[in-house]
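Secondary and tertiary structure notes
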Amino acid sequence: MDIGESTKFSKEEVQTAVNCVIENFEESFKGCYLLKLWYDEKESNSEFVTYMSFGKGSVNGVKKENVIVLFSNFYVGGTGGKGSLNPYSLYNDRNWILIRDSESGNWRIDDSGY
């Protein structure tokens, strides 16, 4: 995991978001291996703008301080992630958009993909 510098979130806030993605990945991506998970504020801000302007953020009423975007690289084993992913493939730069109800709320994944 690589938690880059942030002016928006504390290390603890980012770490909690990272933990949320790891837990979800382990449950939902059987047969896949998380190789790298990171937060990069510049990359995150770019995806944030798209999410808030054209994605679910444009309709769900989430406040900007309650959205974080993480990125990952992962490998898909022979089972192909329940058949929805290409077996024996590497997926790079998948984003994970997490939201929370308040600054003290728990992160949850609202969207993911490319």
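None of the values given here were measured: they were computed from a predicted structure. Within each chain, residue numbers correspond to sequence positions counted from 1 in written order. Restriction of local features to residues with pLDDT of at least 70 applies here, the model being predicted, together with a cutoff of 80 or more for giving and counting side-chain atom pairs; totals for whole chains, interfaces and linings are based on all residues. With hydrogens and water set aside, each side-chain value is computed from the structure's full complement of heavy atoms.

The periodicity of an α-helix, 3.6 residues per turn, causes residues three or four places apart in sequence to face the same way. The end-to-end C-alpha separation of helix 2 (residues 41-54) is 20 Å, in line with the 20 Å expected for 14 residues at 1.5 Å each. Burial here depends on accessible area, computed with a 1.4 Å probe over protein chains only, as a share of the maximum for the residue type. Under 20% is buried, over 50% is exposed, and the range in between is partly exposed. What counts as a helix is a DSSP run of H or I of at least four residues, what counts as a strand is a run of E of at least two, and both are numbered from the N terminus. Restricting attention to buried positions, one finds in helix 2 the residues E41, S44, F48 and Y51. End-on view of helix 2: buried residues confined to an arc of 80 degrees, all on one side of the axis. More than 90 degrees from the buried face of helix 2, the exposed residues found are K42 and F54. Residue contacts are defined here by distance: any two heavy atoms, one from each residue, within 4.5 Å place the two residues in contact. Next to the buried residues of helix 2 lie strand 2 (32-39), strand 3 (67-76), strand 4 (89-99) and strand 5 (108-113). Counting of polar contacts relies on pairs of N or O atoms within 3.5 Å, with two restrictions inside protein: one atom must be capable of donating a hydrogen and the other of accepting it, and residues adjacent in sequence are counted only when both atoms are side-chain atoms. Two or three places before K42, at the opening of helix 2, D40 has a side-chain oxygen 3.1 Å from that residue's backbone nitrogen. In this analysis, the expected span of each helix is defined as 1.5 Å times one less than the number of residues it contains. The arc in question is traced by the directions running from the helix axis to the C-beta atoms.

Before going further, it helps to spend a moment on helix 1 (residues 11-28). Here helix 1 spans 26 Å end to end across 18 residues, near enough to the 26 Å set by a 1.5 Å rise per residue. Within helix 1, the full set of buried residues consists of E13, V14, A17, V18, C20, V21 and F25. An end-on view of helix 1 places all buried positions within 155 degrees of arc, on one side of the element. Across from the buried face of helix 1, at angles greater than 90 degrees, the exposed residues are E12, E26 and E27.

In this section: the pattern of salt bridges. Basic side-chain nitrogens of Lys or Arg form a salt bridge, by our definition, when they fall within 4 Å of a carboxyl oxygen of Asp or Glu. Applying the stated criterion to the full structure yields 2 salt bridges. Its salt-bridge partner being E13, residue R100 comes within 2.9 Å of it at the nearest N-O pair. Separated by 87 residues along the polypeptide, R100 in the loop between strand 4 and strand 5 and E13 in helix 1 bring together distant segments of the chain. In this structure, D101 and R108 form a salt bridge, with 3.0 Å as the shortest nitrogen-oxygen distance.

The next subject is the state of the cysteines. Any two cysteine sulfur atoms within 2.5 Å of one another count as a disulfide. Inspection of the entire model under this criterion finds 0 disulfides. Just so you know, C32 is unpaired, no disulfide at all, and the nearest cysteine sulfur is the one on C20, 17 Å from it. Residue classification places C32 among the buried positions, given a relative accessible area of 9%.

Attention now goes to the nonpolar core. Here the nonpolar core consists of buried residues drawn from Ala, Val, Leu, Ile, Met, Phe, Trp, Tyr and Cys, with membership extended through side-chain atoms lying within 4.5 Å. I68, L70, F74, W96 and L98 are the most contacted members of the largest nonpolar core, which totals 21 residues. Setting aside residues no more than four positions away along its own chain, F74 makes contact with F25, F29, C32, Y33, L34, L35, L85, S89, L90, Y91, R94 and Y114. Counting residues in hydrophobic clusters, the runner-up holds 9 residues, among them W38, F48, V67 and I97.

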